Amino acid sequence: MTDDRIRIDPLNHYPASGFRQVEENALRVLRFVPLRVLTRTRDAIQIDDGDETRITVLITAEAIELRLPTVEWATPYSPVSASRLWKRVRFASLTDRRLRKLIEEARETRRAEFVPCQYCQRSVPPEHRHGDVCHGCAERYEGVVH
């Protein structure tokens, strides 16, 4: 098994008769996204680059979705990590240069979402603050209950 196949199919669940288009597309993305977590189904591969300003890349045979992190609140005490669509682009017209640029733009968009908390000055993404106040300081100084 080649190193590339191990990266795309670490449990060897998918046919060894050669990469399909979704795997080929994932290999293109992996050249520009540091792999932290890779999850997949038969027809889609998701790559999370895993750092604080991470992006999620959802890959199919036809398209790439660049997604930004968010949190969904199942209950007031149950945040669930999720992602939201930033851009979706068809692979058929996507050069490596444009792919790299899109990934860089997605990361920059994510970095720009971080603002300093007005109390503690810690840089916080939108899903962990109320306006310009982080959740912790909102509870501490403004009486917000989470």
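A. Just the nonpolar core, in detail. Membership of the largest hydrophobic core comes to 24 residues, with the highest contact counts inside it found for Val29, Ile45, Ile47, Val57, Ile59, Ile64 and Leu66. Looking at this core, the elements that each hand over two or more residues are α2 (21–30), β2 (45–48), β3 (56–59), β4 (63–75) and α3 (96–112). Excluding residues that lie within four positions of it along the chain, Leu66 makes contacts with Ile55, Thr56, Val57, Arg84, Leu85, Trp86, Lys87, Leu102, Ile103 and Ala106. With 6 residues, the next largest nonpolar core counts Cys117, Val133, Cys134 and Cys137 among its residues.

B. Geometry of unusual backbone geometry. Of note in the backbone geometry, Gln121 takes a positive phi value of approximately 65° without being a glycine. One can find Gln121 in the loop between β6 (115–116) and β7 (123–124).

C. Representation of the pairing of β2 within the structure. In terms of strand pairing, strand β1 (residues 37–40) meets β2 through 4 bridges, oriented antiparallel. Within β2, the position partnered with Thr39 by the bridge is Gln46.

D. Main features of the sheet that holds β1. Taken together, 5 strands build an open sheet; the order of strands is β1-β2-β3-β4-β5 and the sheet is antiparallel. At either end of the open sheet lies a strand with only one pairing partner, and these are β1 and β5 (78–90). Across the sheet, the mean angle separating the axes of adjacent strands is 25° when strand polarity is ignored. Where β2 lies against β3, 4 bridges are found, and the strand directions are antiparallel.

E. Quick peek at the packing of aromatic side chains. With the rule as written, the count across this model stands at 1 aromatic pair. Seen in terms of ring centroids, Tyr119 and Tyr141 are 4.6 Å apart; in terms of plane orientation they differ by 25°. Their pairing is stacked. Separated by 22 residues along the polypeptide, Tyr119 in the loop between β6 and β7 and Tyr141 in helix α4 (residues 135–142) bring together distant segments of the chain.

F. The pairing of β4, seen in detail. Here 4 bridges tie β3 to β4, and the two strands are oriented antiparallel to one another. Bridging from a neighbouring strand, Ile59 pairs with Ile64 of β4. Here β3 folds back onto β4, and the loop between the two strands holds 3 residues. Both β4 and β5 contribute to a ladder of 12 bridges, which runs antiparallel. When the bridges of β5 are listed, Trp73 appears paired with Pro79.

G. Spatial organisation of α4. Where α4 is concerned, the buried positions are His135, Cys137 and Ala138. Down the axis of α4, the sector holding all buried residues measures 160°, keeping them to one side. Looking one or two places after α4, you find Gly143, whose phi comes out positive at around 75°.

H. View of the side chain of Arg129. Position of Arg129 relative to the elements: it lies in strand β8 (residues 129–130). Despite its burial, Arg129 pairs with no opposite charge, the nearest such side chain being Glu127 at 6.7 Å. At 2.7 Å, the side chain of Arg129 and the backbone oxygen of Gly131 are in polar contact. Not counting chain neighbours up to four residues away, the residues in contact with Arg129 comprise Glu113, Phe114, Val115, Val124, Cys134 and His135.

Conventions and cut-offs
All residue numbers refer to position in the chain's written sequence, counted from 1. Whole-chain, interface and lining totals are the exception, using all residues; otherwise, since this is a predicted model, local features are given only for residues with pLDDT of at least 70 and side-chain atom pairs are given and counted only at 80 or more. Side-chain calculation: all heavy atoms of the structure are included, whereas hydrogens and water are not. Only buried residues count toward a nonpolar core, which is a set of Ala, Val, Leu, Ile, Met, Phe, Trp, Tyr and Cys residues joined through side-chain atoms within 4.5 Å. Working definition: with a 1.4 Å probe on protein chains only, accessible area under 20% of the residue-type maximum means buried, over 50% means exposed, and in between means partly exposed. Runs of H or I in DSSP of at least four residues are treated as helices and runs of E of at least two as strands, each being numbered from the N terminus. In what follows, residue pairs with any heavy atoms lying within 4.5 Å of each other are defined as contacts. Any two strands are treated as partners once DSSP identifies two or more bridges connecting them. Only the stretch in contact is used when a helix axis is fitted, and all axes are lines through C-alpha atoms; the angle between N-to-C directions ranges over 0 to 180 degrees. Note on aromatic contacts: the rings of Phe and Tyr and the six-membered ring of Trp form a pair at centre separations within 6.5 Å, being stacked when their planes are under 30 degrees apart, edge-to-face when over 60 apart, and tilted otherwise. Arc, as used here, means the arc of the directions from the helix axis to the C-beta atoms. Asp and Glu are treated as the negative residues and Lys and Arg as the positive ones, with His and the ends of the chain left uncounted. What makes a salt bridge here is a side-chain nitrogen of Lys or Arg within 4 Å of a carboxyl oxygen of Asp or Glu, nothing more. Within 3.5 Å is the distance limit for a polar contact, defined as a pair of N or O atoms, with the added protein rule that one can donate a hydrogen and the other accept it, and that residues adjacent in sequence qualify only through two side-chain atoms.

Purely geometric numbers; function is a separate question.
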